[in-house]
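A structural walkthrough
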2 protein chains.
Amino acid sequence: MAHDVPRDPVEELIEQLRKLPGVGPRSAQRIAFHLLHVPKEDAEALATAIIEMRRRVRLCSQCCHITEADPCRFCSDPRRDRSTICVVEQPLDVFALERAGYRGLYHVLHGVLNPLEGVGPEQLRLQELLRRVQGGEVREVIMATNPSLEGEATAMYVARLLEPYGVRVTRLARGIPAGADLDFLDDATLTRALEGRHALEG
Amino acid sequence: MAHDVPRDPVEELIEQLRKLPGVGPRSAQRIAFHLLHVPKEDAEALATAIIEMRRRVRLCSQCCHITEADPCRFCSDPRRDRSTICVVEQPLDVFALERAGYRGLYHVLHGVLNPLEGVGPEQLRLQELLRRVQGGEVREVIMATNPSLEGEATAMYVARLLEPYGVRVTRLARGIPAGADLDFLDDATLTRALEGRHALEG
């Protein structure tokens, strides 16, 4: 093959698709051939959506949530409780907490501490969080990282980091999820639910 | 929400990703946020690969395989056996047969007959195949559609279609795959292997 020949465009697309999370070699091939067979406009709509998202979406300079306007709609909403910040791993978690009825502010870390994968404190949006807490308006920081090893470690780390500032740092309650069947529940969850038991109001 | 506000670019991307085969709502979200976090050039490389593939790749006017040049490298290769055409469902099958050492010509149907999904003979590249067989150079057509219900039905249909032209129509052998463990083999495969048994050359 001559060196000035551009590489095969199907192979190039398959290679790009393989970089996506959860896309192995077989699904990359399937997606590439799908994009070859759909109407040209459909394939272009996907390409445009990628470009447009990167062009229009940025991170809020206050809470680091994804947004088109800065500050984002949560940080700029005067009706929200500005004394409470809920710290989450990913932008998706914000949507989940909104659905759950939370109406304070947020802070998105964009990851959790994970030394094995090379994610240290400097890779997370911690300086931005410290700056907000130093502002003095915040009274409570709710750590809503996932109940995983990394999520727990990150929650502990942030709690220690905020200790000097006298804010209350809390953690989401652990226990049995709504609609769960005790019989099918994993042991760790049931252990936590037992530890966290509380008096029934009669 | 005002009507002139463009829709959320992350939601738009998630919706486009969900149209891809094997991508459900959760993986569409994961991929979208992945594309938000990678360097901008990486996200753009994927978008460009999609556009470029659609711009540069076409179907060979003879065998309907994907190609940048027309006719494709198989149809234009004088060293290949032009008396044999191997009929496959998808371009990917061509790569598999190449790896298996086949050196005749190909014909890509771009699908199989599937009345339930609205795929009839007119959706497949059958007219192009008929034209090639009518050309007179072809002596054997190997039906290499998949051993599925639809693949078998398509093979039968093509065999009947080609009957008037006096070409030999063959089907890939069925039997136990290389390295298989008889114990774990499905019944249908073993039945076919028994039916197709042949004398051992001593």
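My aim in this report is to walk through the structure given alongside it, one point at a time. (Residues numbered from 1 in each chain as written. Chains lettered and ligands numbered in written order. Predicted model: local features only at pLDDT ≥ 70, side-chain atom pairs only at ≥ 80, totals over all residues. Heavy atoms only, no water.)

Section: the packing of helix α2 (residues 25-37) of chain A against helix α4 (residues 91-99) of chain B
Basically, it comes down to this: As a rule, the C-alpha atoms of each element are fitted with a line to give its axis, helices using only the stretch in contact, and angles between N-to-C directions run from 0 to 180 degrees. Each helix is a run of H or I in the DSSP string that is no shorter than four residues. Each strand is a run of E no shorter than two, and both are numbered from the N terminus. Angles are sorted into four bins: roughly parallel if under 35 degrees, roughly antiparallel if over 145, roughly perpendicular if 65 to 115, and oblique for all others. In what follows, a contact means two residues having at least one pair of non-hydrogen atoms within 4.5 Å. Here the term charged refers only to Asp, Glu, Lys and Arg, the term nonpolar to Ala, Val, Leu, Ile, Met, Phe, Trp, Tyr, Cys and Pro, and the term polar to all other amino acids, Gly among them.
Direction vectors running N to C along α2 of chain A and α4 of chain B enclose 130°, while the axes themselves pass 10 Å from each other. With respect to each other, α2 of chain A and α4 of chain B are oriented oblique. Contact residues: α2 of chain A offers Q29, F33 and H37 of chain A, while α4 of chain B offers P91, L92 and F95 of chain B. When its residues are assigned to classes, the contact of α2 of chain A with α4 of chain B shows four nonpolar, two polar and no charged.

Focus on the relation of the copies chain A and chain B
Selection criterion: Here the copies are superposed with least squares, the fitted atoms being C-alpha atoms of residues at a pLDDT of at least 70 in both.
When chain A is fitted to chain B, the residual RMSD is 0.1 Å, and the transformation amounts to a turn of 180° plus an axial shift of 0.0 Å. Such a combination of rotation and displacement between the chain copies is what one expects of a two-fold axis. Every residue of chain A has its C-alpha some distance from the rotation axis, and the shortest such distance is that of A47 of chain A, at 2.2 Å. Taken together, the interface assignments show that 100% of the residues at the interface of chain A recur at the interface of chain B, consistent with an identical surface on both copies.

With respect to the side chain of N114 of chain B
Among the structural elements, N114 of chain B can be located in the loop between β4 (104-108) and α5 (126-134). Excluding residues that lie within four positions of it along the chain, N114 of chain B makes contacts with V119 and E150 of chain B.

Observations concerning the nonpolar core
Under the convention used in this document: Nonpolar cores were defined as sets of buried Ala, Val, Leu, Ile, Met, Phe, Trp, Tyr and Cys residues, with membership established by side-chain atoms within 4.5 Å. Relative accessibility under 20% of the residue-type maximum defines a buried residue, over 50% an exposed one, and the middle range a partly exposed one, all with a 1.4 Å probe and only protein chains included.
Ranked by size, the top nonpolar core spans 44 residues in total, and within it L13, L35 and I50 of chain A together with L13, L35 and I50 of chain B carry the most contacts. Those elements giving two or more residues to this core turn out to be α1 (9-18), α2 and α3 (40-56) of chain A together with α1 (9-18), α2 (25-37) and α3 (40-56) of chain B. Setting aside chain neighbours within four positions, we find I50 of chain B in contact with L13, L35, A43, L46, A47 and I50 of chain A.

So, the packing of aromatic side chains
Condition: Stacked, tilted and edge-to-face are the three classes assigned to paired rings of Phe, Tyr and Trp, where Trp is represented by its six-membered ring and a pair needs centres within 6.5 Å; plane angles under 30 degrees give stacked, over 60 edge-to-face, the rest tilted.
One pass over the structure, following the stated rule, counts four aromatic pairs over all chains. A connected cluster of aromatic rings, assembled from ring pairs, spans F74, Y102 and Y106 of chain A.

Considering the environment of A153 of chain A
Residue and element names in this part refer to chain A. Here A153 shows up in helix α6 (residues 149-162). A153 sits in the partly exposed class, given a relative accessible area of 37%. Separated by 41 residues in sequence, A153 and V112 have C-alpha atoms that sit 8.3 Å apart.

Considerations on the packing of α3 of chain A against α1 of chain B
The relative placement of two packed helices comes down to the angle between their axes together with the axis-to-axis distance. Our working definition: We call a crossing left-handed when the near helix sits turned anticlockwise from the far one by less than a right angle, and right-handed when that turn is clockwise.
Contact geometry of α3 of chain A with α1 of chain B gives a least axis separation of 9 Å together with a crossing angle of 150°. Here α3 of chain A lies roughly antiparallel to α1 of chain B, going by the angle between them. Helix-helix and strand crossings are classified by hand; for α3 of chain A and α1 of chain B the assignment is left-handed. Residues D42, A45, L46, A49, I50, E52, M53 and R56 of chain A of α3 of chain A lie in contact with α1 of chain B, whose contacting residues are P9, V10, E12, L13, Q16 and L17 of chain B. Looking at the contact of α3 of chain A with α1 of chain B, its residues break down into nine nonpolar, one polar and four charged.

A word on the pairing of strand β5 (residues 140-143) of chain A
Residue and element names in this part refer to chain A. Cut-off, in case you're wondering: DSSP calls a pair of strands paired once it identifies at least 2 bridges connecting them. Orient the strands so they point away from the viewer, and a crossover whose first-strand-to-second-strand path over the helix runs clockwise is right-handed.
Neither face of β5 is left uncovered, since the one carrying E140 and I142 and the one carrying V141 and M143 both have all their residues buried. As judged from the four bridges shared by strand β3 (residues 81-88) and β5, these two strands associate in the parallel manner. Within the sheet, the bridge partner assigned to T84 lies in β5 and is E140. Taken together, β5, α6 and strand β6 (residues 168-171) constitute a β-α-β crossover, and its handedness is right-handed.

Examining unusual backbone geometry
Residues and elements named next belong to chain A. Omega for the peptide link from D70 to P71 comes to 0°, which places this bond in the cis form. Within the element layout of this structure, P71 appears in the loop between β2 (66-67) and β3. One non-glycine residue, H110, adopts positive backbone phi at about 60°.

Some details on a nonpolar patch on the surface
Selection rule: Candidates for patches are residues over 30% relative accessible area with no salt bridge; among them, like charges are joined within 9 Å and nonpolar side chains (Val, Leu, Ile, Met, Phe, Trp, Tyr) within 5 Å. We get accessible surface area from the Shrake-Rupley algorithm with a probe of 1.4 Å; when it comes to residues, only the shown protein chains can shield them. In what follows, salt bridge is the name for a side-chain nitrogen of Lys or Arg lying within 4 Å of a carboxyl oxygen of Asp or Glu.
On the surface, a cluster of nonpolar side chains totalling about 260 Å² of accessible area is made up of I176, L182 and L190 of chain A. By the secondary structure assignment, I176 of chain A is in the loop between β6 and α7 (187-195).

Digging into the sheet that holds β4 of chain B
Residues and elements named next belong to chain B. Reading across from one edge, β4-β3-β5-β6 is the order of the four strands in this open sheet, with parallel pairing throughout. Only two strands of the sheet have a single neighbouring strand rather than two, namely β4 and β6 (168-171). For this sheet the average axis-to-axis angle between neighbouring strands, irrespective of direction, equals 25°. Here five bridges tie strand β3 (residues 81-88) to β4, and the two strands are oriented parallel to one another.

Here we look at the pattern of salt bridges
Side chains bearing opposite charge may pair, as long as their charged atoms lie close to each other. A full pass over the atoms with the stated rule returns 22 salt bridges over all chains. Here R168 of chain B makes a salt bridge to E140 of chain B, at a shortest N to O gap of 3.6 Å. Remark: E140 of chain B occurs in strand β5 (residues 140-143) and R168 of chain B occurs in strand β6; sequence separation between them is 28 residues. Several salt bridges converge on common partners, so that one network encompasses E52, R55, R56 and E68 of chain A.

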